[in-house]
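Commentary on secondary and tertiary structure
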Amino acid sequence: MNEILPHVIELKDDDRTFDLGAFVPEGTPLEIEIGCGNGRFIAANAAKHPDVRYFGVERMMERVRKCSRKAQQGALDNLTIVRVEAGRFVRELLPERCVRAMYLFFPDPWPKRRHHKNRFFQREMCDTLARIFVPGGVMHISTDHEDYFREMVRYLSEDARFEEVPALIRPEDEQTDFERLFLAKGNPIHSCAFRLIPREPADAH
């Protein structure tokens, strides 16, 4: 793991551990955006909620640089951009019960059926979320791709560990560049949110 720009760390393919405590003080809520682009959503939220720790996960270097500039300009000490493959980060490097919310906005739909295996959200992602979410943790999703949206909703709806809750309504300053482009074109946007249902301890009476 290396700090490659202000507010930016890069995880290498051979990194097998991640010291979450070095970035998130004990008791501080953690929220993660997968594919944070140029950082419009994550930076706006970090500015509004300084008591929350935010991770923006992004691979493309030019987008990482833009996120870094936003974090510097806003003096957002509660925002870290993590340059890493997102699926590996959430599946392998995050500890149990550490994430309060995850945001997945306009992910690459890999529209050809033979490429669906490359989609970030597969059915197995439900197991990952159930492991890394704190009780009551929420998965927020928005996309213009109806097929992918229906697939993600089906996976979460069929999993008894989750329940649907009202979708997030975001003001203009929290809308991603992709979203603003699609809205300008009049394209429909599909959004949903699912909450990890808190469970009573097995020995509770």
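Here's what I pulled together on the structure shown here. For clarity, every value in this text was computed on a predicted model and none was experimentally measured.

Concerning the environment of Arg-161
With respect to the helices and strands, Arg-161 occurs in the loop between α5 (146-157) and β8 (162-165). Sequence-wise, Arg-161 and Arg-97 are 64 residues apart; in three dimensions their C-alpha atoms are separated by 14 Å. Polar contacts involving the side chain of Arg-161 include one to the side chain of Asp-127, which spans 2.6 Å.

Observations concerning α5
Compared with the 16 Å implied by 1.5 Å per residue over 12 residues, the 16 Å span of α5 between its first and last C-alpha is a close match. Along α5, the residues that are buried comprise Tyr-148, Phe-149, Glu-151, Met-152, Val-153, Tyr-155 and Leu-156.

Details of the pairing of strand β6 (residues 99-105)
Most of β6 sits out of view: 6 of its 7 residues are buried. The sheet contact formed by strand β3 (residues 30-34) and β6 spans 4 bridges and is parallel. Paired with Ile-32 across the strands is Met-102, a residue of β6. With respect to chirality, the unit in which β6 leads through helix α4 (residues 125-132) into the neighbouring parallel strand β7 (residues 133-143) is right-handed.

Considerations on the nonpolar core
Judged by nonpolar contacts, the single largest core of 41 residues is most densely connected at Phe-18, Phe-55, Phe-89, Leu-94, Phe-120 and Phe-121. Counting residues per element, the ones that place at least two in this core are β3, β4 (53-57), α3 (86-93), β6, α4, β7, α5 and β9 (190-196). For this core, the element with the most residues is α5, which contributes 6 residues. Ignoring anything within four residues of it in the chain, the contact list for Phe-120 reads Ile-34, Ala-86, Gly-87, Val-90, Met-102, Leu-104, Met-125 and Tyr-148.

Topic: the pattern of salt bridges
Inspection of the entire model under this criterion finds 17 salt bridges. Residue Arg-63 is joined to Glu-58 by a salt bridge in which the shortest nitrogen-to-oxygen separation is 3.9 Å. Here Arg-63 falls in the partly exposed class, since its relative accessible area comes to 28%. Accessibility expressed as a relative area gives 6% for Glu-58, which makes it buried.

Overview of unusual backbone geometry
Across the chain, the bulk of peptide bonds are trans and the bulk of non-glycine residues have phi less than zero. Unusually for a residue other than glycine, Arg-97 sits at a positive phi of about 50 degrees. Mapped onto the elements, Arg-97 comes out in the loop between α3 and β6. Accessibility expressed as a relative area gives 59% for Arg-97, which makes it exposed. A positive phi angle, close to 55 degrees, is found at Phe-106, a residue other than glycine. With respect to the helices, strands and loops of the structure, Phe-106 is situated in the loop between β6 and α4.

Calculation notes
Residues numbered from 1 in each chain as written. Predicted model: local features only at pLDDT ≥ 70, side-chain atom pairs only at ≥ 80, totals over all residues. Heavy atoms only, no water. Helix = DSSP H or I, 4+ residues; strand = E, 2+ residues; numbered from the N terminus. Polar contact = N/O pair within 3.5 Å; in protein donor to acceptor, adjacent residues only side chain to side chain. Expected span 1.5 Å × (residues − 1). Buried < 20%, exposed > 50% of the residue type's maximum accessible area, 1.4 Å probe, protein only. Pairing = 2+ DSSP bridges. Right-handed = clockwise from strand over helix to strand, strands pointing away. Core = buried A, V, L, I, M, F, W, Y, C linked by side-chain atoms within 4.5 Å. Contact = heavy atoms within 4.5 Å. Salt bridge = Lys/Arg side-chain N within 4 Å of Asp/Glu carboxyl O.

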